[in-house]
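The chain contents come next:
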Amino acid sequence: MRYREGGRLDTSHVQDRRRGGGLGGGRGLAVGGGGLGLVGVLVVVLFQVLGGGGSGAALGALAGLREGETADNAALEQSCDETGDANDSVECAVVADIDSIQDYWSQELGAQYVPTDTIYFSGQTPTGCGGATSGSGPFYCPADSLVYIDLSFFDTLRSQFGAEGGAFPNAYVLAHEYGHHVQNLLGANRLVTPGETGPTSGTVRLELQADCYAGAWAHHAETVPDASGAPLIEEITQDDVDRALDTAGRIGDDFIQANLGGGTVDQDTFTHGSSEQRQRWFLTGYETGDPAQCDTFATDDLG
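Before going into details, it helps to say that this report is about the structure given with it. (Residues numbered from 1 in each chain as written. Predicted model: local features only at pLDDT ≥ 70, side-chain atom pairs only at ≥ 80, totals over all residues. Heavy atoms only, no water.)

**A word on the packing of aromatic side chains**
1) Next: With the rule as written, the count across this model stands at eight aromatic pairs.
2) Next: Ring geometry for Tyr104 and Trp105: centres 4.9 Å apart, planes at 65°, overall edge-to-face. Take Tyr104 and Trp105: they sit in the same class, and that class is buried.
3) Next: Geometrically, the ring pair formed by Phe282 and Tyr286 is stacked, given 6.1 Å between the ring centres and 10° between the ring planes. Here Phe282 and its partner Tyr286 are both found in helix H9 (residues 275-288), four residues apart, which amounts to about one turn of the helix.
4) Next: Taken together through their ring pairs, the aromatic side chains of Phe168, Tyr172, Trp217, Phe282 and Tyr286 make up a single cluster. (Phe/Tyr/Trp six-rings, centres within 6.5 Å; stacked < 30°, edge-to-face > 60°. Buried < 20%, exposed > 50% of the residue type's maximum accessible area, 1.4 Å probe, protein only. Helix = DSSP H or I, 4+ residues; strand = E, 2+ residues; numbered from the N terminus.)

**Topic: the sheet that holds strand S6 (residues 139-141)**
1) Next: One open sheet accounts for four strands, arranged S2-S3-S7-S6; its pairing is mixed. For this open sheet the edge positions go to strand S2 (14-16) and S6, each flanked by a neighbour on one side alone. On average, each strand axis in the sheet is tilted by 25° relative to the strand beside it, whichever way the strands run.
2) Next: The pairing of strand S3 (residues 118-120) with strand S7 (residues 146-149) spans three bridges and is classified as parallel. The residue bridging Ile119 from the neighbouring strand is Tyr148, located in S7. (Pairing = 2+ DSSP bridges. Axes fitted to C-alpha atoms, helices over the stretch in contact; angles between N-to-C directions.)

**Examining the state of the cysteines**
1) Next: Here the structure, examined in full by the defined rule, presents three disulfides.
2) Next: A sulfur-sulfur distance of 2.1 Å marks the disulfide that ties Cys212 to Cys294. Since a negative S-S torsion denotes a left-handed disulfide, the Cys212-Cys294 link at about -70° is left-handed. You can see Cys212 sitting in helix H6 (residues 202-220) and its partner Cys294 sitting in the segment after H9, a full 82 residues away along the chain. (Disulfide = S-S within 2.5 Å.)

This is the structure in C-alpha cells:
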C-alpha cells in the first residue's frame with residue numbers, strides 16, 4: 001500500500017499517551033467486545049457495556065487520564081506532518097488510516113457518523129471499559145466510543161501469529177475496530193445476547209460484520225478524498241489484499257485455539273469466527289464495496 005506524497009496529515013483524531021507513563025501496577029483487561037480474539041493472550045470481554053447504557057455510563061469516567069498519564073501529541077504532530085510520512089512510519093501510517101477510514105464513513109453515513117479518536121498507548125492505559133494492557137490487542141470500547149492500540153501489536157502479529165504483516169494488514173486491523181464504532185452508532189450491538197458464544201452467535205456475527213465493514217472501506221480507500229479533495233491512499237495491490245487475508249486467517253478462533261491455545265478447537269467457545277469466515281466477510285466487503293452486504297445478522301450462511 002502506498003500513501004500520497006505532498007499532503008497534510010491530520011493527527012487530531014489520535015491521542016498519544018505513549019509518553020505519559022501509563023497505569024501504575026495491576027493487571028489490565030482488554031474490554032469492549034471489539035478486539036481481535038487473542039485467545040492465549042488474555043482477552044476479557046465485558047458484554048454488559050455493548051449496549052452503551054447501564055454500566056457504560058459509570059465506566060465512561062475511567063477513560064479520563066489519571067495522575068501521571070497525559071496525552072501529548074506534540075511529537076506525533078511533528079513526525080507525522082506530511083502524508084508521505086505514512087510511507088516510512090507505522091505511527092504515521094495509522095494516522096493516515098484513521099483519517100481515510102473516517103472520511104469514508106462520514107461520506108457513507110453522513111450525519112449518522114460521529115468521528116472518534118484512537119488512543120496510542122504503551123504497556124497499559126485506563127479506558128472507559130477498565131484497564132487495558134498491550135496483551136489486550138487493539139479494541140474498541142463502546143462505553144467511551146474510543147479505539148485503543150499499542151502499536152507493538154503489529155510486531156506481535158508477525159512474531160507470535162506468524163502473519164506476513166504490512167501496511168495494509170495494519171490498516172485492516174484499524175478498519176475492523178472502526179467497524180465496531182459504526183456498529184455502536186447504528187445499534188448493531190443491541191442484537192448481541194450478553195455472554196453468547198458459538199459459531200453462529202451474535203458475538204461472532206458482530207465481529208464478522210466489522211470485518212466486512214473493513215473490506216468495504218478498503219474497496220473505496222483509493223478514491224475516498226480527504227479535506228484537500230485527494231485520496232490519502234494511492235495504491236492497494238493484490239499482494240496487500242493477500243496479506244490482509246493472511247492476517248484475517250491468523251486471528252480466526254480456530255487458528256488461535258489450535259496454534260496459540262490448548263491445541264483443541266472448540267466451536268462452542270467461538271467469539272470472533274473461524275479463519276475462513278473472517279476471510280470470507282472481509283472479501284465480501286472488499287469485492288462489493290457495499291456495507292449493506294455486511295448484514296451478518298440476517299443470514300443463515302456465515303461461511
